[in-house]
Amino acid sequence: MIGFVEFQDGAQGTAGGTPRRAEDGQAAWPAFAVWRSTAADPVFSEWLRSAAEPDWTAAVTHPFAAAISGGTADMRRYLIQDFQFVDTFTALLGAAVAAADRFEARVPFGRFLGQTVTDTERGYFHRALEALGVDAADMTSPELEPVTVSFRSLMDEARSSQDYSLVLAVLCVAEWVYLGWASRTVSPPEGFLHREWVELHSGPEFEAWVGFLRAELDRVGPALGEAAQRRVLTIFREAVRLERGFFDMAEG
Ligand SMILES: Cc1ncc(C[n+]2csc(CCO)c2C)c(N)n1
């Protein structure tokens, strides 16, 4: 079981100026209610993002991500593994449609599911994997890298929880981290493999999608009790750690 490890009460705050560490090995982090009183941007999604440092910055500035932007990354292993990631991610989007607390929140998930993931992105994967000479077996059932297994487990846990805040946290990490690195691209890479992958994760539509996911977290997060907020934090941090690990894996 990954994530969902609750912080011990005593793990928060500092003792003698030394930050204590939580049971699951992550740095202690103040409760949202405490953090909010002094934060520059006191929204729930920023509470989560800043708690996920240094992994957040390591992921969005990762050398492999920079190599995609620069058009030099070897995409083969990465895309084979990512197609398996996207399979589980698509199921998680379905869970968001089911778990959202109101109609107007279900709509963007349904739209993104139908228009982007199962259409534009699916098309990209099929063309890209074909161009890379990936055979049918590696397209549908490759040997999974450990980080892919862990990421799929985390998404499956969020999906089975049917808890909107947890589903949202994992989706938001996956999309926001990708907006983070792709937006750093200075000029579009030449080949379609790199260029379209950058285009899928940047631009006004993708920004609006990430804005929606953040706004949902900012809407539902503050209304949760402290223990539930901690559970969201734990799964958010774990997802960011896996995003970083996924790029490490892709680098080989
Ligand atoms: C490890 C990993 N994390 C996040 C994404 C981003 N992502 C996954 S599905 C999807 C929707 C369509 O673009 C997006 C943006 C990824 N591909 N791989």
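Residues numbered from 1 in each chain as written. Predicted model: local features only at pLDDT ≥ 70, side-chain atom pairs only at ≥ 80, totals over all residues. Heavy atoms only, no water.

Where an unreviewed UniProt entry is consulted, the protein chain appears under the name Aminopyrimidine aminohydrolase, with the organism given as Planotetraspora thailandica. What UniProt states about the protein chain under its Pathway (unreviewed entry) heading is, verbatim, "Cofactor biosynthesis; thiamine diphosphate biosynthesis." For the protein chain, the Sequence similarities (unreviewed entry) comment in UniProt is given as "Belongs to the TenA family." (UniProt positions renumbered as here; feature names shortened; annotations may be inferred.)

Just to check I follow, could you spell out the overall build of the protein chain for this structure?
A count of helical and extended segments in the protein chain gives 12 helices and 2 strands. The order of helices and strands in the protein chain, counted from the N terminus, is β-β-α-α-α-α-α-α-α-α-α-α-α-α. For 252 residues, the compact-globule estimate of 2.2 N^0.38 gives 18 Å, and the protein chain sits close to it at 18 Å. Here the C-alpha coordinates of the protein chain stretch approximately 55 × 40 × 35 Å along the principal axes. Expressed as a percentage of the 252 residues in the protein chain, the buried residues total 50%. Restricting to contacts in the protein chain with at least 6 residues of sequence separation, those with at least 24 account for 76%. (Helix = DSSP H or I, 4+ residues; strand = E, 2+ residues; numbered from the N terminus. Rg over C-alpha atoms; globule rule 2.2 N^0.38 Å. Buried < 20%, exposed > 50% of the residue type's maximum accessible area, 1.4 Å probe, protein only. Contact = heavy atoms within 4.5 Å.)

How should I be thinking about the side chain of His62 in this particular structure?
Positionally, His62 belongs in the loop between helix H3 (55-60) and helix H4 (63-70). A polar contact of 2.9 Å, which involves the side chain of His62, links it to the backbone nitrogen of Phe64. With near-sequence residues (within four places) excluded, His62 lies in contact with Arg244, Phe247, Asp248 and Glu251. (Polar contact = N/O pair within 3.5 Å; in protein donor to acceptor, adjacent residues only side chain to side chain.)

Where do I start with the site of the ligand in this structure?
The local shell around the ligand holds 17 residues, among which Asp82, Glu121, Glu175, His201 and Glu243 are the closest. Measuring from a nitrogen atom of the ligand, one finds a side-chain N or O atom of Glu175 at 3.3 Å. Glu243 places a polar side-chain atom, nitrogen or oxygen, 2.7 Å from a nitrogen atom of the ligand. Within the complex, the protein chains bury 100% of what would otherwise be the 430 Å² of accessible surface of the ligand. Every element with two or more residues in the shell around the ligand is listed here: helix H5 (76-99), helix H6 (103-131), helix H9 (164-182), helix H10 (192-200) and helix H12 (226-251). For the shell around the ligand, the per-class residue count stands at 11 nonpolar, 2 polar and 4 charged. (Near = heavy atom within 4 Å. Areas by Shrake-Rupley, 256 points an atom, 1.4 Å probe, with all protein chains shown as cover. Nonpolar A, V, L, I, M, F, W, Y, C, P; charged D, E, K, R; others polar.)

Help me understand the nonpolar core, please; the structure alone is not making it clear to me.
Taken as a class, soluble globular proteins show a tendency for nonpolar side chains to be buried jointly. Of all hydrophobic cores here, the largest spans 83 residues; its most connected members are Ile68, Tyr78, Phe109 and Trp197. The element that contributes the greatest number of residues to this core is H9, accounting for 16 residues. Setting aside residues no more than four positions away along its own chain, Tyr78 makes contact with Phe64, Ile68, Tyr178, Trp197, Phe246, Phe247 and Ala250. (Core = buried A, V, L, I, M, F, W, Y, C linked by side-chain atoms within 4.5 Å.)

Which parts of the structure should I look at to understand helix H11 (residues 204-220)?
Three or four residues apart is the spacing at which side chains of an α-helix point the same way, because the helix has 3.6 residues per turn. Between its first and last C-alpha atoms H11 spans 24 Å; for 17 residues at 1.5 Å apiece the expected length is 24 Å, and the two agree. Within H11, the full set of buried residues consists of Phe206, Trp209, Val210, Phe212, Leu213, Glu216, Leu217 and Val220. Along H11, the residues classed as buried sweep out an arc of 145° about the axis, all on the same side. Facing away from the buried surface of H11 by more than 90 degrees, the exposed residues are Pro204 and Ala208. Contact partners of the buried residues in H11: helix H2 (44-51), H5, H6, H9, H10 and H12. (Expected span 1.5 Å × (residues − 1). Arc of directions from axis to C-beta.)

What should I look at first to understand the environment of Pro204 in this one?
One can find Pro204 in helix H11. A residue is classified by how much of its surface remains accessible, and Pro204, at 70% relative accessible area, is exposed.

What should I look at first to understand the UniProt feature "active site" (unreviewed entry) in the protein chain in this one?
According to UniProt, the feature "active site" (unreviewed entry) maps to Glu243 in the numbering used here. Along the chain, Glu243 falls in helix H12. Once residues within four sequence positions are removed from consideration, Glu243 is found in contact with Phe85, Phe151, Val173, Ala174, Val177 and Tyr178.

Can you help me understand the UniProt feature "domain: Thiaminase-2/PQQC" (unreviewed entry) in the protein chain in this one?
UniProt records the feature "domain: Thiaminase-2/PQQC" (unreviewed entry) for residues 51-250 in the present numbering. Taken end to end, residues 51-250 is 80% helix and 0% strand, and its two terminal C-alpha atoms sit 25 Å from one another.

I tried to follow the side chain of Ser69 on my own but got confused; where do I start?
Examined against the element boundaries, Ser69 turns out to sit in helix H4. A polar atom in the side chain of Ser69 sits 2.8 Å from the side chain of Thr185. Here Ser69 is in contact with Trp181, Thr185, Ser187, Pro189 and Val198, once residues within four sequence places are set aside.

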